[in-house]
Each structure stands twice: as structure tokens, then as C-alpha cells.
Amino acid sequence: MISRRDFFKGAGAVAVSAAAVSKAGAATLPEAMLMNHANTQVPPLPPNGRPFNPVVTLNGWSLPWRVNNGVKEFHLVAEPVVRELAPGMKANLWGYNGQSPGPTIEVVEGDRVRIFVTNKLPEHTSVHWHGQRLPNGMDGVTGLTQPGITPGKTFVYEFVAKRPGTFMYHPHADEMAQMAMGMMGFWVTHPKDPLLHAVDRDFVFLLNAYDVSPGSYTPKINTMLDFNLWTFNSRVFPGIDSMPVRQGDKVRIRVGNLTMTNHPIHVHGHEFFVTGTDGGWTPPASRWPEVTTDIAVGQMRAIEFVATDLGDWAFHCHKSHHTMNAMGHDVPTMIGVDQRGVAEKINKIVPDYMAMGDKGASMGGMEMPIPENTLPMMSGEGPFGGVEMGGMFTVLKVRKDQKRGDYSDPGWYKHPTGTLAYEWTGALPEPQRNSNAGGQSMPAMNKPNVEMTVRKPSGHGEH
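Residues numbered from 1 in each chain as written. Predicted model: local features only at pLDDT ≥ 70, side-chain atom pairs only at ≥ 80, totals over all residues. Heavy atoms only, no water.

Peer 1: I tried to follow the overall build of the protein on my own but got confused; where do I start?
Peer 2: Within the protein, the secondary structure is distributed over four helices and 23 strands. The buried share among the 463 residues of the protein stands at 46%. For the protein, long-range pairs separated by at least 24 residues make up 74% of all intrachain contacts whose partners lie at least 6 apart in sequence. In the structure as shown, the protein presents an accessible area of about 23,900 Å², 56% of it carried by carbon and sulfur atoms. (Helix = DSSP H or I, 4+ residues; strand = E, 2+ residues; numbered from the N terminus. Buried < 20%, exposed > 50% of the residue type's maximum accessible area, 1.4 Å probe, protein only. Contact = heavy atoms within 4.5 Å. Areas by Shrake-Rupley, 256 points an atom, 1.4 Å probe, with all protein chains shown as cover.)

And the structure:
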């Protein structure tokens, strides 16, 4: 993290000069802090203001603030950024304070909050505070509640954080471009009583998606649904950090969805309760246990569970094509097709050609050349080989000896003797097949095959 002074000094051609803000205004602006890497940053306890239990933003950070005459002040800078999606691939995105998504903003219920927003994009923007109760003129809808923030200008939003909960922020200006380029962030309003809704580990992250052609760096902004990179906080597996917890910890995971489709988020090895939405905390009497919760577009879900079982537990979107990287949607299914002769002929023209998927085999193990700045579809390595996952996937790591407040990766789980699946080497019995294939409702008939002649009707009269 670097200071606002260093930020303006090193921002280069993409930055609008600090002179765009008046000298008097610059003297009163809080520092615009910049994050220049994608590691998970564990925030310290609040240095001033009312106490709260900070959240941990997966592959992200929380924005520092200053207190000015009792008002908690933040400074967001909307700007072009370069985000590493995973080692080996970067993308030219738009975001806030050096990253996409922008930093998490944390306040306490009842805080008066003032956010300075400086626009260093090539077009106007705004910030909508998704789910907040605030004065209409602070709602951030360009043309409806405010003029757009033109390039080089700084706007000020000020309101009281009236209700505790989990929210998001994003533009309501040229959304098709700005949201598709990664402009979004998380907002958490903590309750006045830090013991209310307290947990031992509190993770937050956003779901977002991009369409970046192989070998390129900039997302296609007109894509509607066929994205090829599905991300947690603009990171894809294996570039997503794990979530290490201590056995017995009460864990909360808050997930916001600002993609163009829904995501059924699933955790292995534990069941959870949905304890919060962007509308607030769910009453305890309304909760039931789940292992998957579907998060629609524009929604947030907070889930809670006790980490009872040791191990490395998968945590992912349950749409299978959302756990792959750099997908090609136009590749035909070749299962059952013998491509050997075709491959030999094509190799004479294209030496690097490889026939794919004739037996439904893993694509993660195919070592075929890929363009620069492109990831394999599945490239994560685990203790037993390829994990064969990408995209919206990470690992919940439950350990006995993970110290409280320690979020470092503990490495792979060591399975106790007798608790690991193993290969059967004995004889295999002949399979028993039931002749009554249809069961009681439609028993199989022991009759010879009947040849049928079907006549296709012509015209529309037979419809």
C-alpha cells in the first residue's frame, strides 16, 4: 500500500493531474490509498472511532479512513487498473484505488460517513451505494439523482450509515462498460454492539465475470452471458487465496453477486445457515440448513457455520462451466469420436494441433500451447495431482492448530490413517442386471422388437 502523494507521482499517463482538484480542496482531501498486489490483507483493529470486528476481504483489503470533526472520511479513486487474475494472466480493468474490485469500506451503524470520489477514468462516472438508506441526492444514479462525475473531478457523498449489514458499491453510469470492466466494491456496516452477530472469522468477496479473448488483455464489454472467466474478487483459481480457519471457529462468508447470472455457491463438508442478505440479518426462526445457496444478480448472501471437520474442503459455484478458465464456447463435443486419422492429417499442416476430449478425458492434463496472457482451463495442483478446477473455486482449510487471527495458508491437509479413499484390488463380481428395466410402473415386455413406420406430416394443418 502506498500514499496518495506516491500514487499521483507514479500514476503515469493514465492519471489525471492532481491539479484537477483545487488547492483548497486538495488540502482537505483524505489520502487516497493504493493497493498494488492481490494478496489477502488482514485489516488491523480500527485505530479510531467506535470498535468493530473487521472483515477479511479475499484477495483484497479494507480502505483506511480518517476522522474529521466526528465524520469518518474515505477517498475512492475511480481509475484504470491492471489486475492479475492468476499467475500468468493479467487484465486491463477499471476499478478503485489500484484494484478491481475496489477496497472494502467498513463503518459502524450510526457513523456519519463522507466519501470523496475522484474520477480518473476517460469518461464520466458515479457511485451507487447498493442497499443503503440515504438521502435521494446521494444515491448515485447519473442523470436522475446527480450529474455524472466528469474526468478529473471529485464529488463528495455524505450520509449516515443507518442500518447494519452487508452492501456493495458500483457505478450507475455507462454500466454496460463500467461494470463489465470491473468497477465494484464491498461495504460492511457493523452493528453498534461489537458482540452482536460476532463470529471468529468473517470473509467477504464479490462474484464477477469477464470475457477476455485468449492472448488479449481487455474484456469485451458487450458480452451478455458467455463470459469465459468467472471470478471471486477478480481472481480465478488457482490464483484465489484459501480460507484458513481454526477447528471450532464460527465462520461467516459474505458473498455479493454483480455478474450477469445467478451462482449456486456450495461448500463441502459442512452445512450452513443463511444469516444475512443485502436487506439485513435474517431472523433466526426463518433459517434452515443448506450446503448450497443460490445468489441472484445484485444480491448478497451471508452464510454461517461452525468449522467442525478437519480437512481441505472445496468451496465453489456449482455451475460446472463457472469452475473453468478461458473457456471456448464453440468447441464441439468429441466424446466417442475417433480422431486419430484426422489428427495425423491436420498435424501435417498445424504441427501443434491436439485432438481433445474423445474419451471425455481431463483437459487439465493436456499440455498444449496456449496464447500469451491466457490460462489453461484447469490448472490448479493439489496434493494428489491436478484439482481440475478453475474460475469460482477455492478451499476452506480447517485446522486444529490454526492460531486465532492467523490467515496464512497452512499447506495441504495430512489425512489420518484409514480416512483416505483407496483403490480396490480384489476381484470384481459380474454386475446384476434387472430385466424389468421400467420397474413396476413400466415393466419391460418380453416381446420381439416392433418395426415402426413414421410418417412426418406436411404443411401446418397437422399441428
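Peer 1: I'm lost on the environment of N68 in this one. Help?
Peer 2: Considering the arrangement of structural elements, one finds N68 in strand β2 (residues 66–68). On a C-alpha basis, the gap between N68 and R114 in space is 9.4 Å, while along the polypeptide they are 46 residues apart. Discounting chain neighbours no more than four positions away, the residues touching N68 are E73 and R114. At 3.4 Å, the side chain of N68 and the side chain of N69 are in polar contact. (Polar contact = N/O pair within 3.5 Å; in protein donor to acceptor, adjacent residues only side chain to side chain.)

Peer 1: Mind showing me how you'd approach a nonpolar patch on the surface here?
Peer 2: Together, M176, M224, L225 and M260 line one region of the surface with nonpolar side chains, adding up to about 380 Å² of accessible area. Its place among the elements puts M224 in the loop between β11 (201–210) and β12 (229–232). (Patch = residues over 30% accessible without salt bridge, like charges linked within 9 Å, V, L, I, M, F, W, Y side chains within 5 Å. Salt bridge = Lys/Arg side-chain N within 4 Å of Asp/Glu carboxyl O.)

Peer 1: I keep staring at the environment of M35 and nothing clicks. Help me out?
Peer 2: Secondary-structure assignment places M35 in the loop between α2 (23–28) and β1 (56–57). Relative accessible area serves as the criterion here: at 2%, M35 is assigned to the buried category. Along the chain, M35 and P103 lie 68 residues apart, while their C-alpha atoms are 8.5 Å from each other.

Peer 1: I would appreciate a short explanation of the sheet that holds strand β9 (residues 165–170) in the present structure.
Peer 2: The strands that make up a sheet are held in pairs by hydrogen bonds between backbone atoms, and each pair lies either parallel or antiparallel. The four strands are arranged β5-β10-β9-β7 in an open sheet whose pairing can be described as mixed. Each edge of the sheet is formed by a strand with only one pairing partner; in this case those strands are β5 (105–108) and β7 (128–130). Going across the sheet, the axis of each strand differs from the next one's by a mean of 25 degrees, ignoring polarity. (Pairing = 2+ DSSP bridges. Axes fitted to C-alpha atoms, helices over the stretch in contact; angles between N-to-C directions.)

Peer 1: Is there a simple way to think about the nonpolar core in this case?
Peer 2: Grouped together as the largest cluster of nonpolar side chains are 33 residues, with contacts concentrated most on F205, F232, M243, I253 and F315. Listed by contribution, the elements that provide at least two residues to this core are β11, β12, β13 (243–246), β14 (250–257), β15 (263–267), β19 (300–306), β20 (311–317) and β23 (393–399). Among residues more than four places away in sequence, those in contact with I253 are F203, F205, M243, R301, A302, I303, F305 and F315. Among the nonpolar cores identified, the runner-up in size contains 30 residues, and M33, L63, W65 and A78 belong to it. (Core = buried A, V, L, I, M, F, W, Y, C linked by side-chain atoms within 4.5 Å.)

Peer 1: Sorry if this is basic, but what is going on with the packing of aromatic side chains here?
Peer 2: Two aromatic rings, taken as a pair, are described by how far apart their centres are and by the angle between their planes. Counted under the stated rule, the structure contains 14 aromatic pairs. With a centroid separation of 5.7 Å and an interplanar angle of 25 degrees, the aromatic rings of F159 and W187 are classed as stacked. Taken as a pair, F159 in strand β8 (residues 154–160) and W187 in strand β10 (residues 185–190) lie far apart in primary sequence, 28 residues in all. On the basis of relative accessible area, F159 is assigned to the buried category, the value being 1%. (Phe/Tyr/Trp six-rings, centres within 6.5 Å; stacked < 30°, edge-to-face > 60°.)

Peer 1: Can you help me understand the sheet that holds β20 in this one?
Peer 2: Within the open sheet, the five strands sit side by side as β13-β23-β20-β15-β18. Their pairing is mixed. Two strands lie at the open edges of the sheet, namely β13 and β18 (292–295), each paired on one side alone. Sheet twist, expressed as the mean angle between neighbouring strand axes with direction ignored, is 20 degrees. As defined by bridge partners, β13 adjoins β23 across four bridges and the pair is classed as parallel. Bridged to M243 within β23 is L396.

Peer 1: Can you walk me through the pattern of salt bridges in this structure?
Peer 2: A side chain of one charge can pair with a side chain of the opposite charge when the charged atoms of the two come close. Here the structure, examined in full by the defined rule, presents 16 salt bridges. Here E73 makes a salt bridge to R114, at a shortest N to O gap of 2.4 Å. Of this pair, E73 sits in strand β3 (residues 71–86) while R114 sits in strand β6 (residues 112–119); the two residues are 41 residues apart in sequence, bridging distant segments of the chain. Each member of the pair, E73 as well as R114, carries the same accessibility label: buried. In this structure, R114 and E158 form a salt bridge, with 2.9 Å as the shortest nitrogen-oxygen distance. One end of the pair, R114, is in strand β6; the other, E158, is in strand β8, and 44 residues separate them in sequence. One salt-bridge network, held together by shared partners, links R66, E73, R112, R114 and E158.

Peer 1: For this particular structure, what's the right way to read the side chain of T394?
Peer 2: The topology assignment puts T394 in strand β23. Given the relative accessible area of 1%, T394 is considered buried. Within the structure, T394 has its side chain in polar contact with the backbone oxygen of D241 (distance 2.7 Å). When near neighbours in sequence (up to four residues on either side) are disregarded, T394 contacts F232, F237, I240, D241, S242, M243, W313, A314 and F315.

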